[in-house]
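If you want the building blocks of each chain, they are given just below.
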Amino acid sequence: MSFGETPITLVGNLTDDPELKFTEGGAALAKFTIAVTPRTFDRTSNAWKDGTTAFYRCAAWRTLAEHVADSLKKGSRVVANGRMRQHDWTTDQNEKRSMLAVEIDDIGASVRFTTVTINAKPTPGPGGNDAWATANGRAGASTDAEPPF
C-alpha cells in the first residue's frame, strides 16, 4: 500500500455473483458489491436493530479475481481488505462524474455464521516443492521437526 491511500476492511455480504472479465492484455478482473449493515443492540426493546446498509463497489485483479469468481457467490458473507479509490470521468454530455470503489487486496469467506471448505492451490517453492508440505520449508527435511512458528 502506498502512502496516502485509505485502507478499509469490509465485513458484509455479496449482493450478486462476482462478474469476471478479462482486459485486452489478459488480466482477470472481478467486479462485485459488498453490502455492509451495522447492527446494534437496543437495550430498551431488548432486540437487535439494523442500521443503514452501505453498498461498496469492489474490484479484484488477476489470480485473486479468478479465485473470487470461483469461490464466492451472491449472499456469501466475506471479510475483505483493500483500498478506497476515487474514479473520475467525463460523460459523453461533458458532465464530470466520480465514484468511490474498493480495490480488494485480500478477501475470504467469513466463518462466523457458517463453515467453509478450503481447497488450497499450492504455490511451488524453490525447486518446485510446496514449502508448506516440507518441514521448515526445506525439501527432504524431517517431518518430525517442530513447525517454524
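Summary of the structure given here. Throughout, residues of each chain are indexed from 1 in the direction in which the sequence is written. Local features in a predicted model are, by the rule used here, given only for residues with pLDDT of at least 70; side-chain atom pairs are given and counted only at 80 or more, and totals for whole chains, interfaces and linings are based on all residues. Only hydrogens and water are set aside when side-chain values are computed; all heavy atoms of the structure are taken into account.

Things to note about the layout of surface pockets
Quantified by volume, the largest pocket comes out at close to 650 Å³. Considering the residues around the largest pocket, the lining is formed by 20 residues, among which His67, Ser71, Thr117, Ile118 and Asn119 are closest to the centre. The helix and strand labels rest on DSSP assignments: H or I over at least four residues marks a helix, E over at least two residues marks a strand, and numbering proceeds from the N terminus. The set of elements that each furnish at least two residues to the lining of the largest pocket consists of helix 1 (62–71) and strand 8 (96–109). The element contributing the most residues to the lining of the largest pocket is helix 1, with 5 residues. A cavity, in this analysis, means grid points on a 1 Å lattice covering only the protein atoms where a 1.4 Å probe fits yet has no way out; a pocket is instead an open set bounded by protein on both sides within 12 Å along at least five of seven lines, and a residue lines either one if it has an atom within 4 Å of a point. Grid points are joined across faces, edges and corners, and a volume is the space filled by probe spheres set on the points.

As for the side chain of threonine 33
Locating threonine 33 in the fold gives a position in strand 3 (residues 28–36). Type-normalised accessible area, obtained with a 1.4 Å probe on protein chains alone, sets the label of each residue: buried when under 20%, exposed when over 50%, and partly exposed for intermediate values. The class for threonine 33 is buried, based on a relative accessible area of 14%. Of note is the side chain of threonine 33, whose polar atom sits 3.0 Å from the side chain of arginine 57. Discounting chain neighbours no more than four positions away, the residues touching threonine 33 are Asn13, Leu14, Thr15, Phe55, Tyr56 and Arg57. Polar contacts, as counted here, are pairs of nitrogen or oxygen atoms within 3.5 Å of one another; within protein the pair requires one atom able to donate a hydrogen and one able to accept it, and residues that are adjacent in sequence qualify only if both atoms are side-chain atoms. Note on contacts: a residue pair is in contact if any heavy atoms of the two residues lie within 4.5 Å.

Quick notes on the nonpolar core
The term nonpolar core refers to a set of buried residues drawn from Ala, Val, Leu, Ile, Met, Phe, Trp, Tyr and Cys, joined through side-chain atoms within 4.5 Å. Core analysis: the biggest nonpolar cluster contains 18 residues, and Leu10, Phe32, Ile34, Cys58, Val68, Ile104 and Ile107 have the highest contact counts within it. Of all the elements in the fold, those that place two or more residues in this core are strand 1 (6–14), strand 3, strand 6 (54–61), helix 1, strand 7 (77–90) and strand 8. Per-element accounting of this core gives the leading share, 5 residues, to strand 3. If sequence neighbours within four positions are ignored, isoleucine 104 has contacts with Phe32, Cys58, Ala59, Ala60, Leu64, Ala80, Asn81 and Gly82.

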